Amino acid sequence: MEAAAADAVKAVQTLCRAGIDQLLSLTGLTETQLIQLAIVAAVVLGVVYLLKDVVSSLLIPSIKVETTDAEANDIITAAKYTPGQAVDKDVIPCYDPSTMQLLGHLPAMSAAEVRARIAKAKEAAKVWRQSPFSQRRRLLRILLKAVMENIDTICRVSSRDSGKPLLDAVLGEVVVTCEKIHWLCREGERYLKPERRSAGIMSFYKSARVEFHPVGVVGAIVPWNYPFHNVLNPLTAALFAGNALVIKVSEHASWSSQYYGRLISAALAAAGAPADLVQIVTGYGEAGSALVTGGVDKVIFVGSTQVGKLVQRAAADTLTPVVLELGGKDPVIVAEDADLGTVVQVALKAAFLNGGQNCAGGERFFVHDKVYDKFLGMVTPLVQGMRQGNPLGGEVVDSGALCMPGLAEKVHGLVEDAVARGARLLAGGRLRSAQEAGGQFYPPTLLADVRPGMAIWEEEVFGPVMSVIRWSSDDEVVALANDCPFGLGSNVFCGSQARARSIASRLEAGMSSVNDFATTYMCQSLPFGGVKHSGFDRFAGVEGLRGLCVPKAVAEDRFPWLMKSTIPPPWQHPVQPNAFAFGRALVTMFYAPGLIYQARGLAALLHCLVFPGAYASRGAGKTKAA
Ligand SMILES: NC(=O)c1ccc[n+]([C@@H]2O[C@H](COP(=O)([O-])OP(=O)(O)OC[C@H]3O[C@@H](n4cnc5c(N)ncnc54)[C@H](O)[C@@H]3O)[C@@H](O)[C@H]2O)c1
């Protein structure tokens, strides 16, 4: 084997040497001169590439986005919001969950207003569907540049509206958005171009392809956990696929949509796209419901399983296709030989990034019996030491506020139930009212010995709780992890990559990260979505991008000057007595298993054509089988 490899290397070396000698004799250069020439050529090519890159990035226009005081600065207003206080059903009160400062009120749009928005988007979609990919890419690049130039405000506005720390905003809102734009610009067109397909046996003379046409108007309904990414995520893909977008933002994070809306409008104008291409709807469930039934061509619903079911029911009336991206309760499996030093820090991010308000966040930590106590020993002081507070208050914090009113109380109920049923509370777990804490806070909480029978075993927490569960065999951990109504993401950490891969392959989930956490989402070519109560169909990736299109099947003659579909004489009306025998012979000739059998079909076919009169008296049913 080694000798063969050495021989192969030698052969390649000899071939290269011969090539170089040939080049030297052709050019009359010495070997040193040739090397110098190669270096100069490489430098020139590098400089040209760099210049091209600089010029193309300078040609992307910067856009100006106006900001209000509350968006750009720290604001101190006397007005505070008290959760649960009565408000007019036509308005949405907006407040900062870290300080309870009132930020203002936005309209809760009526069904008629939502339908009017859809009508505007429909007009814009007619124009945009004709746009070349170059213009769509330009729009995305303008957006990307705008993100770079306004990153501080984007994160600050998200933090103000949802209570998250700035680091969580940059990681959860901005990085993934940039990755998505980058992927769409690089690869999006490749997957939306017509794709050739095989034409089949009998249609061998045809050319077959799938064309991806925009669906028209995409209606997206999104939650509050990532106010920026949840808007830009459907927007970038829908627009790149040639659609318009009507997006209903959550009533719990509407304020930020005003700033993001201005940024999007400025980018549309700079790219020469129709101004009405993106419509942002603010409102409650009724507005979401109106969007589902209001005439959009596809609905992307991102939210709870409970509301997802309502959306699917409503969409059935109008036969509107829906993608459901619902809840999750992702497992993080830690084997006895995993590198705990690395895993512990990843686990903390998996559980507590964005206050645990992640659909694909780590909720269930299955730690092998042999390292269970060690894992808890490493994690406990880190969770206990997490600083929590107002992310925009001047101090660095590890954990911010929870966005949705009432979420802290719901999370605490699950923690209390688990403790009452035997779980050990190792950190956090103390509920304070928003009034007492000055904001909607719930501390990072660590629960050990979580078991089936506790409410937290089945219910999605969507908050800052790490539940740790003990296991001792691979079969056991697979069964425990699959004992869950949800199946969104999954994560396995193991010293042996092959064993991690084998465990991951047995998990009932739409996504698996091996020796990492939720890394599939950073690979934007991959689809995002779940199984079981986590929903169906896919968003993001190639599948999600194509899902925003009508995949139109097209077939045409490959060589029209040579061969076209014509009805063979026996089948032409009035059909001939040999019509059936001809059809049977044709089927045998094309599809019979084996050449000899097919040859019999060919012979029968020729017989039909050459001796049509032989069938006149026999009738189809009496002719001999081909
Ligand atoms: N799988 C994913 O990609 C993903 C991502 C983020 C969040 N989530 C899930 O979202 C949930 C948290 O978000 P939430 O509390 O905002 O969810 P939610 O289901 O309460 O609300 C989601 C959106 O639906 C709207 N809505 C409410 N009633 C409606 C109706 N009848 N018809 C149409 N729309 C209606 C809301 O106004 C909101 O904009 C969690 O379960 C989380 O796991 C899933």
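Given the structure is predicted, the values throughout are model-derived calculations rather than measurements.

**A few points about the domain arrangement of the protein chain**
Taken domain by domain, the protein chain consists of domain 1 (1-59), domain 2 (110-327 + 546-552), domain 3 (330-527) and domain 4 (567-615). Computed over C-alpha atoms only, the centres of domain 3 and domain 4 are separated by 67 Å.

**Structural notes on the pattern of salt bridges**
One pass over the structure, following the stated rule, counts 27 salt bridges. Close ionic contact of glutamate 123 with lysine 126 constitutes a salt bridge, the shortest N to O distance being 3.0 Å. One end of the pair, glutamate 123, and the other, lysine 126, are both in helix α4 (residues 111-128), three residues apart, so they sit about a helical turn from each other. Overall, glutamate 123 belongs to the partly exposed group, its relative accessible area being 48%.

**A word on the UniProt feature "domain: Aldehyde dehydrogenase" (unreviewed entry) in the protein chain**
UniProt annotation of "domain: Aldehyde dehydrogenase" (unreviewed entry) refers to residues 90-554 when read in the numbering used here. The annotated region residues 90-554 carries 43% helix and 19% strand content, and the separation between its end C-alpha atoms amounts to 48 Å.

**Overview of the UniProt feature "active site" (unreviewed entry) in the protein chain**
Annotation from UniProt places "active site" (unreviewed entry) at Glu325. Structurally, glutamate 325 can be placed in strand β9 (residues 322-325). Overall, glutamate 325 belongs to the buried group, its relative accessible area being 4%. With residues near it in sequence (within four places) discarded, glutamate 325 still touches Phe301, Val302, Gly303, Phe528, Gly529, Gly530, Ser534, Asp537, Arg538 and Phe539.

**Here we look at the site of the ligand**
Taken together, 29 residues sit near the ligand, with Lys248, Glu251, Ser304, Leu326 and Glu460 positioned nearest. Contact distances for the ligand include 3.4 Å between an oxygen atom and a backbone N or O atom of glycine 303. Measuring from an oxygen atom of the ligand, one finds a side-chain N or O atom of glutamate 460 at 2.5 Å. Relative to its free-state accessible area of 850 Å², the ligand is covered by the protein chains to the extent of 88%. Counting only elements with at least two residues in the shell around the ligand, the list comes to α10 (285-293), β8 (298-302) and α11 (305-318). Each of two domains, domain 2 (110-327 + 546-552) and domain 3 (330-527), supplies a minimum of three residues to the shell around the ligand.

**Quick notes on the layout of surface pockets**
Remark: the empty space left among the atoms is shown by a probe the size of a water molecule rolled over them. The space that makes up the second largest pocket amounts to roughly 590 Å³. For the second largest pocket, the lining is made up of 16 residues, of which Asp53, Ser56, Ser57, Ile60 and Arg141 are closest to its centre. Looking at the lining of the second largest pocket, the elements with two or more residues in it are α2 (31-58), α5 (133-149) and α7 (166-192). Sort the elements by how many residues they give to the lining of the second largest pocket and α5 lands first, with six residues. Of the residues in the lining of the second largest pocket, the class split is five nonpolar, four polar and seven charged. Each of domain 1 (1-59) and domain 2 (110-327 + 546-552) contributes no fewer than three residues to the lining of the second largest pocket.

Conventions and cut-offs
Residues numbered from 1 in each chain as written. Predicted model: local features only at pLDDT ≥ 70, side-chain atom pairs only at ≥ 80, totals over all residues. Heavy atoms only, no water. Domains from an automatic or database assignment. Salt bridge = Lys/Arg side-chain N within 4 Å of Asp/Glu carboxyl O. Helix = DSSP H or I, 4+ residues; strand = E, 2+ residues; numbered from the N terminus. Buried < 20%, exposed > 50% of the residue type's maximum accessible area, 1.4 Å probe, protein only. UniProt positions renumbered as here; feature names shortened; annotations may be inferred. Contact = heavy atoms within 4.5 Å. Near = heavy atom within 4 Å. Polar contact = N/O pair within 3.5 Å; in protein donor to acceptor, adjacent residues only side chain to side chain. Areas by Shrake-Rupley, 256 points an atom, 1.4 Å probe, with all protein chains shown as cover. 1 Å grid on protein atoms, 1.4 Å probe; cavity = no way out; pocket = protein on both sides within 12 Å on 5 of 7 lines; lining within 4 Å. Points joined across faces, edges and corners; volume = space filled by probe spheres on them. Nonpolar A, V, L, I, M, F, W, Y, C, P; charged D, E, K, R; others polar.

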